[in-house]
Amino acid sequence: RRGCWTLEGREHDIETPYGLLHVVIRGSPKGNRPAILTYHDVGLNHKLCFNTFFNFEDMQEITKHFVVCHVDAPGQQVGASQFPQGYQFPSMEQLAAMLPSVGFGLFKYVIGIGVGAGAYVLAKFALIFPDLVEGLVLMNIDPNGKGWIDWAATKPASLCLPVPSTSPPPRAQEELVNNTELVQSYRQQIGNVVNQANLQLFWNMYNSRRDLDINRPGTVPNAKTLR
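What counts and how
- Here, residues in each chain are numbered from 1, in the same order as that chain's written sequence.
- Note on the predicted model: pLDDT of at least 70 is required for a residue's local features to be given, and 80 or more for side-chain atom pairs to be given and counted; whole-chain, interface and lining totals, by contrast, use all residues.
- Derived side-chain values reflect all non-hydrogen atoms in the structure, with water molecules and hydrogen atoms excluded from consideration.
- UniProt positions are given in the numbering used here, feature names are shortened, and annotations may be inferred rather than shown by experiment.
- Segments assigned H or I by DSSP are reported as helices when at least four residues long, segments assigned E as strands when at least two residues long, and all are numbered from the N terminus.
- Remark: exposure states derive from per-residue accessible area (1.4 Å probe, protein chains only) relative to the maximum for the residue type, with buried under 20%, exposed over 50%, and partly exposed in between.
- Contacts are residue-level and defined by heavy atoms, with any inter-residue pair within 4.5 Å sufficient.
- Buried Ala, Val, Leu, Ile, Met, Phe, Trp, Tyr and Cys residues form a nonpolar core when they are joined through side-chain atoms within 4.5 Å.
- Pairs were defined over the aromatic rings of Phe, Tyr and Trp, the Trp ring being its six-membered one, requiring ring centres within 6.5 Å. Orientation was assigned from the angle between planes: stacked under 30 degrees, edge-to-face over 60, tilted for the rest.
- By definition here, a salt bridge exists when the distance from a side-chain nitrogen of Lys or Arg to a carboxyl oxygen of Asp or Glu is within 4 Å.
- The rule for pairing is simple: two strands pair if DSSP sees at least two bridges between them.
- Interaxial angle, 0 to 180 degrees, is taken between N-to-C directions of lines fitted to C-alpha atoms, where a helix line uses only the stretch in contact.

- As annotated in an unreviewed UniProt entry, the protein chain is NDRG family member 4 from Prolemur simus.
- Per UniProt, the protein chain carries the Sequence similarities (unreviewed entry) text "Belongs to the NDRG family."

Take a look at the structure:
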């Protein structure tokens with residue numbers, strides 16, 4: 001572990017079985033309470049994805065009672081060095097398997113807050129390590145792998161455009177048209193803050209994800225689900 005765990009708000013590079021993971025710890029453990037652990041969407045990092053939310057006045061009442069652990073996917077943090085040629089980005093399962101290395105000497109279990117790709121990683125984490133998860137807040141999660149129709153819709157654009165400009169599926173076009181200023185702001189942030197080569201690796205791995213394969217109890221015998 002690189003960095004000091006004794007100072008609030010310090011950034012740390014944590015050694016895991018699948019490489020270094022950038023983590024920011026805010027606050028200190030509160031007895032046996034779980035930590036709040038966040039995981040951002042593809043194209044973002046913890047600052048772009050969660051800063052506004054956690055700085056909101058109503059959240060201050062919550063965060064003063066919990067230690068908060070922000071996780072950046074490998075190479076997605078601000079100022080990250082570009083991965084060397086041939087670097088193999090961790091799979092979505094490996095990203096989930098990296099999380100037990102994050103601060104579990106300070107807290108025993110977590111409440112996960114994830115968005116998009118981060119929500120998928122946290123759901124996978126809860127399926128693999130259910131005893132480490134007290135609860136989950138999952139936003140914009142897609143539990144399904146990318147089908148051939150989705151692949152065909154986005155592949156031509158992804159071959160010749162940078163990630164911030166990659167064309168979305170048709171169902172998202174109307175929403176983008178109605179929020180042009182917000183979309184432009186995000187494109188600028190993604191293009192300027194996140195290392196584009198590293199982002200492409202994360203994007204490719206997310207697009208190759210498999211189904212979470214979760215079933216509602218009672219609908220399938222021996223259903224695999226979140227507790």
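Here the narrative resumes, following the displayed structure.
**Points about the overall build of the protein chain**
Now for step 1: A count of helical and extended segments in the protein chain gives 8 helices and 6 strands.
Now for step 2: Each helix and strand of the protein chain, ordered N terminal to C terminal, gives the series β-β-β-α-α-β-α-β-α-β-α-α-α-α.
Now for step 3: A buried classification covers 39% of the 227 residues belonging to the protein chain.
Now for step 4: The contacts in the protein chain between residues at least 6 apart in sequence include a share of 67% that link residues at least 24 apart.

**A short note on the nonpolar core**
Now for step 1: Tyr-39, Cys-69, Val-71, Leu-95, Leu-99 and Phe-125 are the most contacted members of the largest nonpolar core, which totals 50 residues.
Now for step 2: Taken together, the elements giving at least two residues each to this core come down to strand E2 (19-26), strand E3 (35-39), helix H1 (46-55), strand E4 (68-72), helix H3 (92-98), strand E5 (110-115), helix H4 (117-128) and helix H8 (196-207).
Now for step 3: Counting residues per element, this core draws most heavily on H4, which supplies 8 residues.
Now for step 4: Each residue touching Val-71, except ones within four places of it in the same chain, is listed here: Leu-21, His-22, Val-23, Leu-37, Thr-38, Tyr-39, His-40, His-46, Leu-99 and Val-102.

**Quick look at the packing of aromatic side chains**
Now for step 1: Counted under the stated rule, the structure contains 7 aromatic pairs.
Now for step 2: Both rings, one in Phe-50 and one in Phe-54, keep their centres 6.2 Å apart while their planes meet at 70 degrees; by these two values the pair is edge-to-face. Of the two residues, Phe-50 and Phe-54 both sit in helix H1, 4 residues apart, roughly one turn of that helix.
Now for step 3: Look at Phe-50 and you get buried, because its relative accessible area is 2%.
Now for step 4: Note on Phe-54: relative accessible area 8%, which makes it buried.
Now for step 5: Cluster of aromatic residues (ring-pair linked, three or more members): Phe-83, Tyr-87, Phe-89 and Phe-202.

**So, the pattern of salt bridges**
Now for step 1: Summed over the entire model, instances satisfying the criterion amount to 4 salt bridges.
Now for step 2: Between Glu-61 and Lys-64 there is a salt bridge, with its nearest N and O atoms 3.2 Å apart.
Now for step 3: Between Asp-142 and Arg-209 there is a salt bridge whose closest N-O contact spans 3.1 Å. Note that Asp-142 is positioned in the loop between strand E6 (133-139) and helix H5 (148-160) and Arg-209 in the segment after H8, a separation of 67 residues in sequence.
Now for step 4: When its relative accessible area of 28% is taken as the criterion, Asp-142 is described as partly exposed.
Now for step 5: The buried category is assigned to Arg-209, whose relative accessible area is 10%.
Now for step 6: Via salt bridges that share partners, Glu-93, Lys-124 and Arg-210 belong to a single interconnected network.

**Some words on the pairing of E4**
Now for step 1: The element E4 is largely enclosed, with a buried count of 5 among its 5 residues.
Now for step 2: The side-chain alternation of E4 yields two buried faces, one formed by Val-68, His-70 and Asp-72 and the other by Cys-69 and Val-71.
Now for step 3: Pairing geometry for E2 and E4, over 5 bridges, is antiparallel. Along E4, the bridge assignment pairs His-22 with Asp-72.
Now for step 4: When E3 meets E4, the two strands line up parallel, connected through 4 bridges.

**Quick look at the sheet that holds E5**
Now for step 1: Strand order in the open sheet made by the 6 strands is E1-E2-E4-E3-E5-E6, with mixed pairing throughout. The open sheet is flanked by strand E1 (11-16) and E6, the only strands paired with a single partner. This sheet shows a mean twist of 25 degrees between the axes of neighbouring strands, independent of strand direction.

**Some details on unusual backbone geometry**
Now for step 1: With a phi angle near 55 degrees, Asn-140 is a residue other than glycine that sits in the positive phi range.
Now for step 2: Structurally, Asn-140 can be placed in the loop between E6 and H5.
Now for step 3: Given the relative accessible area of 66%, Asn-140 is considered exposed.
Now for step 4: Of note in this structure, Asp-213 is not a glycine but carries a positive phi near 60 degrees.
Now for step 5: Structurally, the position occupied by Asp-213 is in the segment after H8.

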